[in-house]
Amino acid sequence: ARALGLGRNTVNLAYEGLAQLGWVTAHVGQGTFVSRPTPGSAPSDSEPTLPRGFVWESLFSNRGHLGLVPRIPTPDRGEVRVDLRAGRVDGGALPADVLRRAAGRALRELPAVANRLEPGGSRALRVEIARSLLARGIACDAEDVLVVHGAQQALDLVARTLIDPGDAVVVEQPGYFGASLAFAASQASLVGVGVDASGMRTDELRRILRARRVKLVYTTPAVQCPTGVALCEPRRRELLELADTYQVPILEDDYDCQLRLGTQAAPALKTWDDAGQVVYVGTFSKALFPGLRLGYVVAAPALRRQLRLARLVADFGCSALDEALLVDLLRSGALERHVRRMRKLYAERLEALASALEAGLPEGSRVSRPAGGTALWLTLPAQVDAATFHRLAREAGFAYTRGEEFFVGPGGERHLYLSFACHPPAELAAAGDELARLVVRAARRRPAPLQVS
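Presented here is a report on the structure given in the accompanying data block. (Residues numbered from 1 in each chain as written. Predicted model: local features only at pLDDT ≥ 70, side-chain atom pairs only at ≥ 80, totals over all residues. Heavy atoms only, no water.)

## Concerning unusual backbone geometry
Part 1: That bond from Q173 to P174 is cis: its omega, 5°, falls within 30 degrees of zero.
Part 2: Among the structural elements, P174 can be located in the loop between β5 (168–173) and α6 (177–185).
Part 3: For the peptide bond that leads from C225 to P226, omega is 15°, which places it in the cis range.
Part 4: Note that P226 resides in the loop between β8 (214–219) and α8 (233–246).
Part 5: The phi torsion at Q247 lies on the positive side, around 50°, for a residue other than glycine.
Part 6: Locating Q247 in the fold gives a position in the loop between α8 and β9 (250–253).
Part 7: Unlike most non-glycine residues, D256 shows phi in positive territory, near 60°.
Part 8: Mapped onto the elements, D256 comes out in the loop between β9 and β10 (278–283). (Helix = DSSP H or I, 4+ residues; strand = E, 2+ residues; numbered from the N terminus.)

Encoded structure:
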């Protein structure tokens, strides 16, 4: 493995293949040896040769060798009693009748759009998106908007267009794991910048920009993923000043901006972007449901053209039916009415879960109530053994997103990302109370430290 620069698993697979073909023999504790030929063992020309095992791992590209996202060790599907995993919505809270009528109108329009391929998105949808962005302080035209398959495709396209192997990309720490995946797939060098109660630490960012050349800064300023804090105005302005000083673009993921809880969201960073350095990404999946894979990018013309070309390589556009459905929801105001209702519903659910946790958690715990969205960030106290707690929670039937998902490299074991989207307030209050008791139990079972004589 060292000599050829391969992974150990690849070499092990090669040895296994040789053993299956009878070319080597393996002895536990001794090693692997070339097999001794036996008399008459040489195959004749008429004898069929054994098929060789095909080792796909040896053919993977550098991108293909990337590991998968660490999966959350949750109970089996039938054992999940309380589902607090992120990225889900309450299907029963969707406006089914409104969606049904909008889908019917979209189907009636199908003959007119059945053969239409618009890699940048239908003009009707881009017009409605540009109009809706006025609420975020962004003045743009339909030509400034590129429609994509959700925010994740937008991140991937930006990474493919801007990032070369080895380029430094700044991400929040902790931060959205989907962004880290997209940048890592382009072989970027990920540089984490800390997050506190006021959002991304711009003082840390300044030190990084002084020390090395950074190709891109990724941030979720409206509702930071996963902590839920909002980037304060002084840091917003400092971030833009740093981008201008060091001539580095900002990728603004307006994560959960539509689901702001309590106060109104601050205007987007893109609002103050006179130079065109901010690449703005939005999605409709959070406001409606994850299966609606529609998002958009607002970017400078030169970058937008390249993103559109990269999009053509991946696919030729989004579903005409999905686009027509969304146009109807935006044009009629149905989406905005649904979002207003969900803000109220999510605020009530957040209060139920957060209050129960805060009342029962031991000292040293911290519940970060988000500025928006559908999940809160919980930090376990230092005296709790994280592995013990995770085991107790799984045994009790809890499914949630673990904090390790959001960290570049090791870290995050003492954090939990708990969604309050799928359960009514009474169930969330009971779940919060039970989780708090499990934290107390885990604290009591903390392994004793090793004694060194």
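## Description of the sheet that holds β9
Part 1: Read across the open sheet, the eight strands follow the order β4-β11-β10-β9-β8-β5-β6-β7; overall the sheet is mixed. The two strands at the open ends of the sheet, each matched to only one other strand, are β4 (145–148) and β7 (199–200).
Part 2: The pairing of β10 with strand β11 (residues 295–298) spans four bridges and is antiparallel. For G282, the partnering residue across the bridge sits in β11 and is Y296.
Part 3: The strands that helix α7 (residues 202–211) touches are β5, β6 (189–196), β7 and β8; relative to β6, the one it contacts most, it runs at about 155°. (Pairing = 2+ DSSP bridges. Contact = heavy atoms within 4.5 Å. Axes fitted to C-alpha atoms, helices over the stretch in contact; angles between N-to-C directions.)

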